[in-house]
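Structural description and commentary
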Amino acid sequence: MNLVDRWTSLIPSADAAASAAVAAAGLDLIARYEEPHRRYHTVRHLTEVLDVVDELASEADDLDAVRLAAWFHDAVYESGAGHAVDDVSNEEASALLAELILADLGLPAPRVAEVARLVRLTEKHTADSGDRNASVLFDADLAILAAEPARYEQYTQAVREEYREIPEELFRPGRAQILGALLQAPALYRTPAAYARFESRARANVTAEIARLASPPPK
């Protein structure tokens with residue numbers, strides 16, 4: 001199933017006009033992930049997150065809400081700065097966009113609210129331990145940390161390119177601090193399935209990246 005079909009399957013349509021509006025909204029979202037300043041937060045990332053959400057489907061209480069949140073979680077992404085216009089975080093701007101688009105498409109208010117809530121939670125990746133929907137979304141978003149070596153290297157290079165305006169002497173310690181904070185958590189992954197599949201390799205990847213960041217930068 002292609003991305004547009006994956007999107008339209010989540011939004012019920014009463015007639016041809018509604019179907020056209022749903023498809024147009026999906027194409028707009030895809031175009032956002034194709035913005036030229038993006039290097040990691042791209043259509044590939046969206047697809048990978050959606051794939052892992054599907055793999056963790058049984059762990060969610062509202063799977064379609066999680067899928068929709070995956071679509072919107074990086075819909076607004078200002079490269080490097082971490083903030084959108086008017087000092088609103090990318091996550092908040094993405095949640096507001098979700099509220100606007102999903103309401104216009106006629107989704108029930110409780111579903112819209114849940115999607116927006118999940119998107120907002122991705123700013124800090126924190127939620128109650130019993131929040132099954134958030135757990136699935138977080139684990140899918142962080143699954144890249146457990147990628148095979150070649151893919152992990154692509155990921156780290158893409159992240160660096162998104163922060164290309166930051167000098168190397170500032171980027172390296174900042175990135176290492178973020179990664180170190182991840183390792184301090186009791187577990188990187190919240191669902192049993194993701195923990196079993198990803199935890200060990202993700203910790204190895206992150207530990208190795210921190211070591212590389214501590215070495216002298218290339219001339």
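Use the structure listed above.
Overview of the structure.

About the thresholds
Residues numbered from 1 in each chain as written. Predicted model: local features only at pLDDT ≥ 70, side-chain atom pairs only at ≥ 80, totals over all residues. Heavy atoms only, no water. Helix = DSSP H or I, 4+ residues; strand = E, 2+ residues; numbered from the N terminus. Rg over C-alpha atoms; globule rule 2.2 N^0.38 Å. Buried < 20%, exposed > 50% of the residue type's maximum accessible area, 1.4 Å probe, protein only. Contact = heavy atoms within 4.5 Å. Areas by Shrake-Rupley, 256 points an atom, 1.4 Å probe, with all protein chains shown as cover. Lys, Arg positive; Asp, Glu negative; His and termini not counted. Charge placed at Lys NZ, Arg CZ, Asp CG, Glu CD. Expected span 1.5 Å × (residues − 1). Axes fitted to C-alpha atoms, helices over the stretch in contact; angles between N-to-C directions. Parallel < 35°, antiparallel > 145°, perpendicular 65-115°, else oblique. Left-handed = near helix turned anticlockwise from the far one by under 90°. Nonpolar A, V, L, I, M, F, W, Y, C, P; charged D, E, K, R; others polar. Salt bridge = Lys/Arg side-chain N within 4 Å of Asp/Glu carboxyl O. Polar contact = N/O pair within 3.5 Å; in protein donor to acceptor, adjacent residues only side chain to side chain. Core = buried A, V, L, I, M, F, W, Y, C linked by side-chain atoms within 4.5 Å.

**Details of the overall build of the chain**
Check the secondary structure of the chain and you find ten helices and zero strands. For the chain, the α and β elements follow one another from N to C terminus as α-α-α-α-α-α-α-α-α-α. In terms of overall dimensions, the chain is globule-like: its C-alpha atoms have a radius of gyration of 18 Å, near the 17 Å expected for 219 residues. Once the C-alpha set of the chain is aligned to its principal axes, its extents read approximately 60 × 35 × 30 Å. Taking all 219 residues of the chain together, the buried fraction comes to 46%. For the chain, contacts bridging at least 24 residues in sequence account for 66% of all contacts bridging at least 6. For the chain, the exposed area adds up to about 10,800 Å²; of that, 57% sits on carbon and sulfur atoms. With 22 positive and 36 negative side-chain charges, the chain shows a spacing of 6 Å between the two charge centroids.

**Here we look at helix H6 (residues 109–121)**
For an α-helix, the turn length of 3.6 residues means that residues three or four places apart are oriented alike. Along its 13 residues, H6 runs 18 Å from first to last C-alpha, staying within 8% of the 18 Å computed at 1.5 Å per residue. By the burial criterion, the buried members of H6 are Val112, Glu114, Val115, Ala116, Leu118, Val119 and Leu121. Looking at the buried residues of H6, the elements they touch are helix H4 (63–72), helix H5 (90–104) and helix H7 (132–142).

**A few points about the packing of H5 against H6**
At their nearest, the axes of H5 and H6 sit 8 Å apart, and the two run at 165° to each other. Classed by the angle they form, the pair H5 and H6 counts as roughly antiparallel. Crossing angle aside, the handedness with which H5 passes H6 is right-handed. The residues of H6 that touch H5, namely those facing Glu91, Glu92, Ser94, Ala95, Leu96, Ala98, Glu99, Leu102 and Ala103, are Val112, Val115, Ala116, Val119 and Arg120. Its residues placed into classes, the contact of H5 with H6 shows nine nonpolar, one polar and four charged.

**So, the packing of helix H8 (residues 149–162) against helix H10 (residues 192–214)**
Relative orientation of the contacting elements H8 and H10 amounts to 50°, with a least axis distance of 12 Å. In terms of axis orientation, H8 runs oblique to H10. Seen along the crossing, H8 lies across H10 with a hand that is right-handed. Touching Tyr152, Glu153 and Thr156 of H8 are Asn205, Val206, Glu209 and Arg212, all from H10.

**Overview of the pattern of salt bridges**
Inspection of every chain in the model, using the stated rule, returns 21 salt bridges. Between Arg32 and Asp28 there is a salt bridge, with the nearest N and O atoms lying 3.2 Å from each other. Here Asp28 and Arg32 lie together in helix H2 (residues 16–33), a separation of four residues that amounts to about one turn. Given the relative accessible area of 23%, Arg32 is considered partly exposed. We note a salt bridge from Arg132 to Asp61, for which the minimum N-O separation is 2.7 Å. Of the two residues, Arg132 sits in helix H7 while Asp61 sits in the loop between helix H3 (43–55) and H4, which places them 71 residues apart along the sequence.

**Digging into the environment of Ala25**
Here Ala25 lies in helix H2. Between the C-alpha atom of Ala25 and that of Asp104, which follows or precedes it by 79 residues, the distance is 9.9 Å. Those residues in contact with Ala25 that lie beyond four places of it in its chain are Trp7, Ile101 and Leu105.

**Observations regarding the side chain of Ser89**
By the element assignment, Ser89 lies in the loop between H4 and H5. Only 3.0 Å separates the side chain of Ser89 from the backbone nitrogen of Glu92, close enough to count as a polar contact.

**As for the nonpolar core**
Judged by nonpolar contacts, the single largest core of 66 residues is most densely connected at Trp7, Trp71, Phe72 and Leu102. Ranked by residues supplied to this core, first place goes to H4 with eight residues. Among residues more than four places away in sequence, those in contact with Trp7 are Val22, Ala25, Gly26, Leu29, Leu68, Trp71, Phe72, Leu102 and Leu105.

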